[in-house]
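# Coordinate analysis (summary)
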Amino acid sequence: MSMTTRRHPIAGNWASLLLPIAEDDSIDFEKLGEEIDILIAAKVDGIYSNGTAGEFHNQTEAEYERIQEMLASRCRAAGMAFVIGACQPDPIIMLDRLRRATAHKPLAIQVILPDWWPLTNLEAVDFLHRASEAADGIPLVLYNPPHAKRVLSPAELSDVCGPCPSVVGMKIADSDDAWYAQARAYLGEFSLFIPGHHLATGIKQGVAAGAFSNVACLSPHGAQAWKELMHADIDAALEIEGRICAFMDSHVVPFRRDHGYSNAALDKLLAAIGNWGPVSTRLRWPYRFIGEQEAKGLRERARAMIPELFAQ
Ligand SMILES: CC(=O)N[C@H]1[C@H]([C@H](O)[C@H](O)CO)O[C@](O)(C(=O)O)C[C@@H]1O
């Protein structure tokens, strides 16, 4: 497949569907419906389910089904783009989730590489071929997070995804200028999604198509406005990025670095700081979550450091 035919228009600011978890550890589906409607009203570029922040690793198959059905029906009615995460560490369950996702006709389906015993490149190509067949024409985005068993370099991503034409994008962590140079050299034909708080840098570098974004966890509407500013005035957007990163470094990252909370716990903290919808900081057992009072304590700080994200 040539560079021009693989290029897919998927891009922009994608909001993560976070699960409202009740005190008894059940998913509150009524609140989930409200959350989807709020994200649709925020006019984000798209909504994606079942990322790490969507706790794909900690739900039953029946819950998986109900989450995707709810997202797809509401997005379809509103004309909102959506992506379904079929991600699962177990390849058999992942392929089954992927097959079931195709019925909803999402813009794309996200997969990871099977993640118990790390795959070789040959095994990864084999897996992506089988996933492409199961996806039945729906494009795939490979999610290779920094905590994956194998974190692939741009050259390795090209080796693994190149032979599988259904893979149109990748959701990966960025790094320094040398990484960006490698990404330009090897991954030009793919839509690359990088961490939300680096999106202005990724766009300035000519590499990022968008982000499945932690900034959208904090403020879906504000993250959308910030993304639009990147196309109008990249220097202004970079200046805001500096303050977003400063906020994350001083007030959010320490929960992981110093106290061992998971990335999903951080994303739910961001949503509770933003206070835009019915999502609390609660994660499903056995994962520990950050107390709601921490979020309340950071609301003013976030608004003082990055007012642009909260302007309506
Ligand atoms: C910093 C940031 O944006 N983190 C986001 C990451 C990255 O997009 C991904 O790891 C690629 O770097 O994806 C999530 O974990 C996810 O899929 O649920 C949401 C989280 O908010």
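Attention in this report is confined to the structure presented alongside it. Small disclaimer: the values here were computed from a predicted structure and weren't measured. Throughout, residues of each chain are indexed from 1 in the direction in which the sequence is written. Only residues with pLDDT of at least 70 are given local features in this predicted model, and only at 80 or more are side-chain atom pairs given and counted; all residues enter the totals for whole chains, interfaces and linings. Heavy atoms from the whole structure form the basis of all side-chain values; hydrogens and water molecules are not counted.

## Topic: the layout of surface pockets
- Using a grid of 1 Å spacing that covers the protein atoms alone, one calls a set of points a cavity when a 1.4 Å probe fits there but cannot get out, and a pocket when the set is open and has protein on both sides within 12 Å along at least five of seven lines; lining residues are those with an atom within 4 Å of a point. Grid points are joined across faces, edges and corners, and a volume is the space filled by probe spheres set on the points. Within this model, the largest pocket holds a volume of roughly 1,100 Å³.
- Lining the largest pocket are 48 residues; nearest its centre among them are Tyr143, Pro145, Pro146, His147 and Asn263.
- Only DSSP runs of H or I with at least four residues qualify as helices, and only runs of E with at least two residues qualify as strands; both kinds are numbered from the N terminus onward. For the lining of the largest pocket, the secondary-structure elements that each account for two or more residues are strand 5 (140-144), strand 6 (167-172), helix 9 (214-218), helix 11 (234-257) and helix 12 (263-274).
- Element by element, the count of residues in the lining of the largest pocket is highest for helix 12, at 5 residues.
- Charged means Asp, Glu, Lys or Arg here, nonpolar means Ala, Val, Leu, Ile, Met, Phe, Trp, Tyr, Cys or Pro, and polar covers whatever is left, Gly included. Partitioned by chemical class, the residues of the lining of the largest pocket number 28 nonpolar, 13 polar and 7 charged.
- Considering only enclosed or pocket space, the second largest pocket measures out at about 230 Å³ in volume.
- Pro91, Ile92, Leu95, Asp96, Arg99, Leu119, Glu123, Asp126, Phe127 and Arg130 together form the lining of the second largest pocket.
- Put simply, the parts of the chain that give the lining of the second largest pocket at least two residues each are helix 4 (91-102) and helix 5 (121-135).
- Top contributing element to the lining of the second largest pocket by residue count: helix 4, with 5 residues.
- Classifying every residue of the lining of the second largest pocket gives 5 nonpolar, no polar and 5 charged.

## Side note on empty space enclosed by the protein
- Under the counting rule described, the total for this entry stands at 1 cavity of 30 Å³ or more.
- Taken as a whole, the largest cavity spans an internal volume of roughly 40 Å³.
- Taken together, Asn13, Gly196, Leu199, Ala211, Ser213, Val215, Ala223, Trp226 and Lys227 make up the lining of the largest cavity.
- Broken down by element, the lining of the largest cavity gets its largest block of residues, 3 residues, from helix 10 (residues 220-232).
- Grouping the amino acids of the lining of the largest cavity by side-chain chemistry returns 5 nonpolar, 3 polar and 1 charged.

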